[in-house]
Amino acid sequence: MATAPPMNNSPITQVSQVQPSAHAGLQPQLLTRLFLELRGKRFDVDRETIMNLPESVLLCLFPNGLVLSRQSVVGSEGGEGEEEEEVYAIDFDPDCFQFVLTFFKNASEAFYGTANSPGLYNAQQHLMFENNTDYHPGSNPLLSKQAIIVLREELEYFSIPPKDGGAATDANGIANEEMLEVKRRSGEYLMEKKNIFTALQRNVNKENNVAEQHLIDMLCMSGFNREDEWGYRALEPMRCCISSIALVLLKTGIIHHPNGERPVEVDYTQMTTAQKLLLFWRKPARKCWWDGIDVELPATESKPARTVKLWARRVWTLELSLV
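Residues numbered from 1 in each chain as written. Predicted model: local features only at pLDDT ≥ 70, side-chain atom pairs only at ≥ 80, totals over all residues. Heavy atoms only, no water.

Identification of the chain as Phosphatase activator from Leucocoprinus birnbaumii is taken from an unreviewed UniProt entry.

(A) Layout of helix H8 (residues 268-276). Of all the positions in H8, only Gln270, Met271, Thr273 and Ala274 are classed as buried. Buried residues of H8, seen end-on, are gathered within an arc of 160 degrees and therefore sit on one face of the element. Tucked into the core, H8 has its buried residues touching helix H7 (210-222), strand E10 (254-255) and strand E11 (265-266). Put simply, Asp267 is the residue that caps the front of H8, since its side-chain oxygen is 3.1 Å from the backbone nitrogen of Thr269. (Buried < 20%, exposed > 50% of the residue type's maximum accessible area, 1.4 Å probe, protein only. Helix = DSSP H or I, 4+ residues; strand = E, 2+ residues; numbered from the N terminus. Arc of directions from axis to C-beta. Contact = heavy atoms within 4.5 Å. Polar contact = N/O pair within 3.5 Å; in protein donor to acceptor, adjacent residues only side chain to side chain.)

(B) Representation of the nonpolar core within the structure. One finds Leu219, Phe224 and Trp316 to be the most contacted residues of the largest nonpolar core, which totals 34 residues. For this core, the secondary structure elements donating two or more residues are strand E7 (147-160), helix H6 (198-207), H7, strand E9 (241-249), H8, strand E12 (285-297) and strand E13 (306-322). Here this core takes five residues from H7, the largest share from any one element. Ranked by size, the runner-up nonpolar core spans 30 residues in total, among them Leu31, Phe43, Leu68 and Leu247. (Core = buried A, V, L, I, M, F, W, Y, C linked by side-chain atoms within 4.5 Å.)

(C) Region of the structure containing the side chain of Thr317. By the element assignment, Thr317 lies in strand E13. Given the relative accessible area of 6%, Thr317 is considered buried. The residues contacting Thr317, other than those within four sequence positions of it, are Met1, Ser56, Val150, Leu151, Arg152, Pro284, Ala285 and Arg286.

(D) Main features of the environment of Leu277. Here Leu277 shows up in the loop between H8 and E12. Residues Leu277 and Ala147 lie 130 residues apart in sequence; the distance between their C-alpha atoms is 9.5 Å. In contact with Leu277, not counting residues within four places along its chain, are Met218, Ser222, Leu250 and Leu320.

(E) Structural context of the sheet that holds strand E3 (residues 33-38). Strand order across the open sheet formed by three strands is E4-E3-E6, with mixed pairing between neighbours. For this open sheet the edge positions go to strand E4 (41-46) and strand E6 (87-90), each flanked by a neighbour on one side alone. On average, each strand axis in the sheet is tilted by 30 degrees relative to the strand beside it, whichever way the strands run. Where E3 and E4 come together, six bridges link them in antiparallel fashion. Within the sheet, the bridge partner assigned to Arg33 lies in E4 and is Asp46. Here helix H3 (residues 94-112) sits on the sheet in contact with E3 and E4, set at roughly 25 degrees to E4. (Pairing = 2+ DSSP bridges. Axes fitted to C-alpha atoms, helices over the stretch in contact; angles between N-to-C directions.)

(F) Representation of a nonpolar patch on the surface within the structure. A surface patch of nonpolar side chains, about 400 Å² in accessible area, is lined by Phe158, Ile160, Trp290 and Trp311. Relative to the assigned elements, Trp311 resides in strand E13. (Patch = residues over 30% accessible without salt bridge, like charges linked within 9 Å, V, L, I, M, F, W, Y side chains within 5 Å. Areas by Shrake-Rupley, 256 points an atom, 1.4 Å probe, with all protein chains shown as cover. Salt bridge = Lys/Arg side-chain N within 4 Å of Asp/Glu carboxyl O.)

Spelled out as structure tokens, the structure:
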């Protein structure tokens, strides 16, 4: 996968420097909560949660960057909650956002624990102070952070029906009702193809692409299974596009035995594999390829079965998040 062009700053820190002379008497006030409206659904999210989100998700939410502070006049007597609530309107799937929030919350509680239950970190924190050159405890964030692999797919599809089927576009490129029906049924067909690696493996088999096979093997050694399905998958409104995301905990090689019956152990080979994924920490990598197949759209009550050529442009984004 090609690494995305390096960014000087995170999406939440890409802000221009304010000239002191232009805002004399003002001081920045950090926001503790953000109010988001995603396609009509409201979210009240604290600052730390936003900071922990994957870079690729942040770029979708805030493509122009996000300022996590507001200017307030020095010596003002405004109390907490007195300022007008600022709501960020965002064109992003709210159910996908909730899926990410829930997964990250559960992963964090399992690792760090809750008020009623100690987490995995409590049993493994001694590893950070061991003198072991196999996994470099002093500089290895996998010992003290919960690592999550984030894999996203943007799939744009293009349906090419038979010339004699009635589905067509007019002189202005506007699809007739028959063509719109083909597009809808093509989207439904692709929605049912939930396996993560089927399309990429098909491309590997066709092109004999060794690098793509290594990518699949690396992901399956690090937390995925070859038969895994996308964790969340949905058609984008008013577009021939399907967005999918899968989140899995990184296999770090740190072995916790049930009920603490034995001390925590480290599989050094697995830890070495896991450390390779750190290349994608805060540096999302992207891969794009085209996939063309002949698809048999089943008959419906009003439409006969038909075969269409279905082209898909898939863009994968891979990154590692540390919570």
